[in-house]
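# Structural features, examined
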Amino acid sequence: MFQCPICEQNTSIPVGGASVLPQNLHLGFEVEVAGYMSKMTSNSDVACDQCAEGSSDPAVVFCCACHHFLCAFCLEHHKRNRIWSRHRIVGLDQEGARQLHTTMKPRDHYCSQPNHEDNKLNFYCETCSLLVCLHCTTVTHKSHSVKEISTVAKTHQMEISGALEDAKEVVTKLTGAIDENNRIIEQVEISKRTAFLAINQAFEILQQRLEERKRTLLSELEAISLSKTTTLTLQKEQFEKMVGDIGHYTDMASQILQTHTDHEIVALGGLIPTELQATLKRVQTISLTPNQHSIISVSVKTDDLIRQLSKLGNIFDFYPSPSSCTWMSTSVARVGTRYHVKVQSKTSKGEEYPHGGVEVKGDMRSKTHNGAVVYGEVEDHRDGTYTITLTPQTAGHHQLLITMDGQHVQNSPNDLDVRSKRDYRTLCNAQQVIQCNTPLCVAIHDNGDIYVGSYDHCIYVFDQTGQLKNTIGSSGSGNGQFSSPWGISIKRDVLYVADTGNHRVQKLTSNGKFLHKFGQEGSGQGQFNSPVAVIIDSNNKLIVSDYNNYRIQIFNENGGWLLTIDGNGSGNHSFKSPWGLDLDPQGNIHVAAHGSDTIKVFSKEGVYVRMYGDPDHPSGIAIDGEGYSLVSEFGGHCLSIYDPEGNKIHTVGNLKNPYGTALDPRDGSVFIANYGAKTVLKYCVNI
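The present account deals with the structure reproduced in this document. All values reported here derive from a predicted model rather than from experimental measurement.

One can describe the packing of helix α5 (residues 149–259) onto helix α7 (residues 271–285) by two numbers: an axis separation of 10 Å at closest approach and a directional angle of 155°. For the element pair α5 / α7, the angle class is roughly antiparallel. Crossing hand, α5 versus α7: left-handed. On α7, the residues touching Met242, Asp245, Ile246, Tyr249, Thr250, Met252, Ala253 and Ile256 of α5 are Ile272, Glu275, Leu276, Thr279, Leu280, Arg282 and Val283. Residues that form the contact of α5 with α7 fall into these classes: ten nonpolar, two polar and three charged.

In structure tokens:
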């Protein structure tokens, strides 16, 4: 193995020795020039290359064209030659050596094949990758791909130039990467200093709080100690006074007994015994037990604090990766209506990033109005999530772009359909009236078919023109039979029925073929007492109004119980006789509380969110993609419409005990089961 002096790559010596390695002509020329320069600058005489061997005349110049050292005699002969006289001649000194390096040209290369020594290597055999002469092209390389050396050189020059351009581009990118690394290194130092200050500040505050707590505890200790000492001192002084009083009277009594005569003792009478007994009785009326005990307990539980301190604070060396970040929003936006996008920042490993502070941007660009742009307002929740709010100004196809630190997040850009704002205030007269006996509820298939649950214990199916197309089920308790189907929902080609009188939920095909059922009468998990509504969420969970049990139950798509939202009790969480159900764009459950005359809203986890409206016995509810709620009021004989904030904006009257309501998924048309009038009404919405 040896290292190439040009590319510095290690290579093995091939079979046949170094002589078979590719020849580097340029390196050979440089070696040749170096040899000439060494001779020119040496102090020794250089032999003339033109004179016969044995001549004693030293060379005085060097011919850059012939590559020969010349003596004075040969120089004169050189100048006399018509061709040689034009050659560049340099002296044998430092200046000549310097000129030599810049003026000397490589000599012509000649073929090494026998009898070809006078032929220049002016051709290149691509088959053999060899320089060849003209004679070789007609003999040894006759059938090979041979080109003139100038043509091949031009090709190689172009390749080298291209490689140079590529190298420049790569170097530019690498330089940019180096600059970026330097910038990040500087940012790391800044981040380090910022984190250092934050840590010091946090622990300084913690130390301050500990010192404050220490002073508080010591102050409390001093107060308790002082209180105990004061109380005990006062009690002790009381005891000492009593001891003094008793001593005074006993001393007097002893003196009387020792020094007084009988007459004197009788004269004093019972004064001394009386006073002494009075003092002794006072002692009997008080407790001789100390008013305070000596114990001052202290409880400074440091174990929990030490455990918490070991977990206090975190240092993160990861950062959100834009390509891993996700976002959520509805697929349709409305002109003039705020459109919300929730962004979740994640690391490159897909883990949720728990901190804010990242630059998030969002804008909406029209594809049909000269690229008009709506820039979003971004709210940083400081927990790794962000809310982008945009208000589109024009209808049509738009592109939604969401970036994090200047890079697109996952699924950005994304197409977005912006539609004109629905105007429910134009609802007045029904555009279609379908005659139907005792309609209880209504649902619309994606193909436009109208499904109506009826008190006739069946489900009528009408086409878009209002013509009866099919009748599903009959009265009974068997599979596919019903007893007052008050609630129906349809998703794709699957029909779910709240079979109220049979206290169960049935699953059928859109054509009425029985698939599955679950539930029975009762109040336990998965049991029902008159279920009156059923809806399906985006995860295929079934949400059922359990009317007489005052609760909402949630099941998986196979009827397995998951969760109960219990309305029994008091407070915001309570409701009576839940009827209609629907989901808003955020996935919250809106409950038409028939017995409470209100709409209650719960999260999908069953947590109370809010309440709105004052409907008169609400029975049905339908919510559009913007969050507008349409509530049918059985007692109010009307349809009330609420904006996403819960404000009533319009009322459609002239109804008669309406029950269920539904929206056409294709165009947002409103359908109402107008029970008292035995009709199903359709209202078209201006968009």
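Take a nonpolar patch on the surface next. Judged by side-chain polarity, Ile199, Phe203, Leu210, Leu305, Leu309 and Leu312 come together as a nonpolar surface patch covering roughly 490 Å² of accessible area. Counting residues per element, the ones that place at least two in the nonpolar patch are α5 and α8 (302–310). Per element, the largest residue contribution to the nonpolar patch is three residues, and it comes from α5. Here leucine 312 lies in the loop between α8 and β9 (326–328).

This part takes up the pairing of strand β28 (residues 531–536). Along β28, six of the six residues are buried, which leaves the element largely enclosed by surrounding structure. Note: β28 against strand β29 (residues 542–546), five bridges, orientation antiparallel. Opposite alanine 533, over in β29, you have serine 545 as the bridge partner. Linking β28 back to β29 in an antiparallel pair, the connection comprises five residues, with asparagine 540 at a positive phi of about 65°.

Let's shift gears to the sheet that holds strand β3 (residues 59–63). Spatial strand order, β4-β3-β5: three strands in an open sheet with antiparallel pairing. The sheet terminates laterally at β4 (68–71) and β5 (89–91), the two strands that pair on one side only. If you compare each strand with its neighbour and ignore which way they point, the axes differ by 40° on average. As paired elements, β3 and β4 share four bridges and run antiparallel to each other. In the sheet register, alanine 59 faces β4, and the bridge partner there is cysteine 71. Along the sheet, helix α1 (residues 25–40) makes contact with β3, β4 and β5, crossing β4 at roughly 25°.

The rules behind these values
Residues numbered from 1 in each chain as written. Predicted model: local features only at pLDDT ≥ 70, side-chain atom pairs only at ≥ 80, totals over all residues. Heavy atoms only, no water. Axes fitted to C-alpha atoms, helices over the stretch in contact; angles between N-to-C directions. Helix = DSSP H or I, 4+ residues; strand = E, 2+ residues; numbered from the N terminus. Parallel < 35°, antiparallel > 145°, perpendicular 65-115°, else oblique. Left-handed = near helix turned anticlockwise from the far one by under 90°. Contact = heavy atoms within 4.5 Å. Nonpolar A, V, L, I, M, F, W, Y, C, P; charged D, E, K, R; others polar. Patch = residues over 30% accessible without salt bridge, like charges linked within 9 Å, V, L, I, M, F, W, Y side chains within 5 Å. Areas by Shrake-Rupley, 256 points an atom, 1.4 Å probe, with all protein chains shown as cover. Salt bridge = Lys/Arg side-chain N within 4 Å of Asp/Glu carboxyl O. Buried < 20%, exposed > 50% of the residue type's maximum accessible area, 1.4 Å probe, protein only. Pairing = 2+ DSSP bridges.

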